[in-house]
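# Observations on the three-dimensional arrangement
Each chain, letter by letter, is given below.
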Amino acid sequence: EHTHWGMAIGNLKDLTIKLANPAYASMHGYSVEELHGIKADCLYAPESRANLPYYVECLHKDGRHSFECVRLRKDGSAFPAIVDIAIVDGVDGQTTIIVSVKDITARKQAERQLRDLYAHLQTVREEEKASIAREIHDDLGGTLTALKMESYRLAEKLPADEKAAPLLEHIETMAKLID
């Protein structure tokens, strides 16, 4: 009765709840008394209820099964949970199941926040890359243009004789490299 996990004992044949602790009742929005005799499948959201046959099959095969699912409260609201079910043979010959349920809403919210943060960081990283690339392109482009203009100015200042011919060829090669 004092555990923070919701605990319930039920009948495996008809999946009805025989006994539940206050944490189980509280997380589902019921009183402990209201849960007695209720069919456990009505505490699963439709998307998780569709998997119940598989969960029961695993339970029969292994004697226990743990899974993540979406549970329903009495008011119809849903919450994510981890469920652990085990089969226990009762002294009365009845096969009983013990179910523990943990509401993982806070964990799911933290996971969602981490995913959102990661996506935001990726966006910022891509924007920063683009900004750096633009800055490099603009800065380098301006510097190369100025360098080409200076090389042509230098070529204009050289005399047009045979001594300057190798230098003019070298300046022309530099201009092509700058392009």
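Above this text you will find the structure in question.
Read on for a plain summary of the structure. (Residues numbered from 1 in each chain as written. Predicted model: local features only at pLDDT ≥ 70, side-chain atom pairs only at ≥ 80, totals over all residues. Heavy atoms only, no water.)

### With respect to the overall build of the protein
- When you go through the protein residue by residue, the secondary structure sums to six helices and five strands.
- Ordering the α and β elements of the protein from the N terminus gives β-β-α-α-α-α-β-β-β-α-α.
- Relative to the globule expectation of 16 Å for 179 residues, the C-alpha radius of gyration of the protein, 37 Å, shows a markedly less compact shape.
- Principal-axis analysis of the C-alpha atoms places the extent of the protein at approximately 115 × 35 × 25 Å.
- Expressed as a percentage of its 179 residues, the buried residues of the protein come to 27%.
- Long-range contacts, defined as pairs at least 24 residues apart, comprise 38% of the intrachain contacts of the protein with a sequence gap of at least 6.
- If you sum the accessible surface of the protein, you get close to 12100 Å²; carbon and sulfur atoms cover 58% of it. (Helix = DSSP H or I, 4+ residues; strand = E, 2+ residues; numbered from the N terminus. Rg over C-alpha atoms; globule rule 2.2 N^0.38 Å. Buried < 20%, exposed > 50% of the residue type's maximum accessible area, 1.4 Å probe, protein only. Contact = heavy atoms within 4.5 Å. Areas by Shrake-Rupley, 256 points an atom, 1.4 Å probe, with all protein chains shown as cover.)

### Things to note about the nonpolar core
- If you look at the biggest cluster of nonpolar residues, it comprises 25 residues, and the most contacted ones within it are Ile17, Tyr24, Leu35, Val83 and Ile85.
- Breaking this core down by element, the ones donating at least two residues are β2 (16-20), α1 (22-28), α4 (52-62), β3 (64-72), β4 (78-89) and β5 (95-103).
- Here this core takes four residues from β4, the largest share from any one element.
- Val83 has contacts with Tyr44, His65, Ser66, Phe67, Cys69, Arg71, Val99, Ser100 and Val101, leaving out every residue within four places of it along the chain. (Core = buried A, V, L, I, M, F, W, Y, C linked by side-chain atoms within 4.5 Å.)

### Considerations on unusual backbone geometry
- Positive phi, close to 55 degrees, is recorded for Leu15, a residue that is not glycine.
- If you trace the backbone, Leu15 turns up in the loop between β1 (6-11) and β2.
- Judged by its relative accessible area of 22%, Leu15 is partly exposed.

### Some remarks on the pattern of salt bridges
- In this structure the tally under the stated criterion is 10 salt bridges.
- The residue Glu111 makes a salt bridge to Arg107 at a minimum N-O spacing of 3.2 Å. Here Glu111 pairs with Arg107, and both are found in helix α5 (residues 105-157), just four residues apart, close to one helical turn.
- Classification of Arg107 by relative accessible area gives partly exposed; the value is 35%.
- The salt bridge involving Lys148 is made with Asp179; its shortest N-O contact spans 2.4 Å. With Lys148 in helix α5 and Asp179 in the segment after α6 (165-178), this residue pair connects regions lying 31 residues apart in the sequence.
- When its relative accessible area of 66% is taken as the criterion, Asp179 is described as exposed. (Salt bridge = Lys/Arg side-chain N within 4 Å of Asp/Glu carboxyl O.)

### Considering a nonpolar patch on the surface
- There is a patch of nonpolar side chains on the surface, built from Ile132, Ile136, Leu140, Leu144 and Leu147 and spanning about 420 Å² of accessible area.
- Tracing the chain through its elements places Leu144 in helix α5. (Patch = residues over 30% accessible without salt bridge, like charges linked within 9 Å, V, L, I, M, F, W, Y side chains within 5 Å.)

### Details of the packing of aromatic side chains
- If you walk through the whole model with that rule in mind, you get three aromatic pairs.
- Their ring planes at 15 degrees and their centres at 3.6 Å tell us that Tyr55 and Phe67 sit as a pair that is stacked. Residue Tyr55 is located in helix α4, and its partner Phe67 is located in strand β3; the two are separated by 12 residues in the primary sequence.
- Relative accessible area serves as the criterion here: at 8%, Tyr55 is assigned to the buried category.
- Among the residues examined, Phe67 registers a relative accessible area of 8% and is labelled buried.
- Here a set of aromatic residues connected by ring pairs shows up, and it is made of Tyr44, Tyr54, Tyr55 and Phe67.
- For Arg71, the ring lying beneath its charged end belongs to Tyr44, and the centroid distance is 4.4 Å. (Phe/Tyr/Trp six-rings, centres within 6.5 Å; stacked < 30°, edge-to-face > 60°. Lys NZ or Arg CZ within 6 Å of the ring centre and 35° of its normal.)

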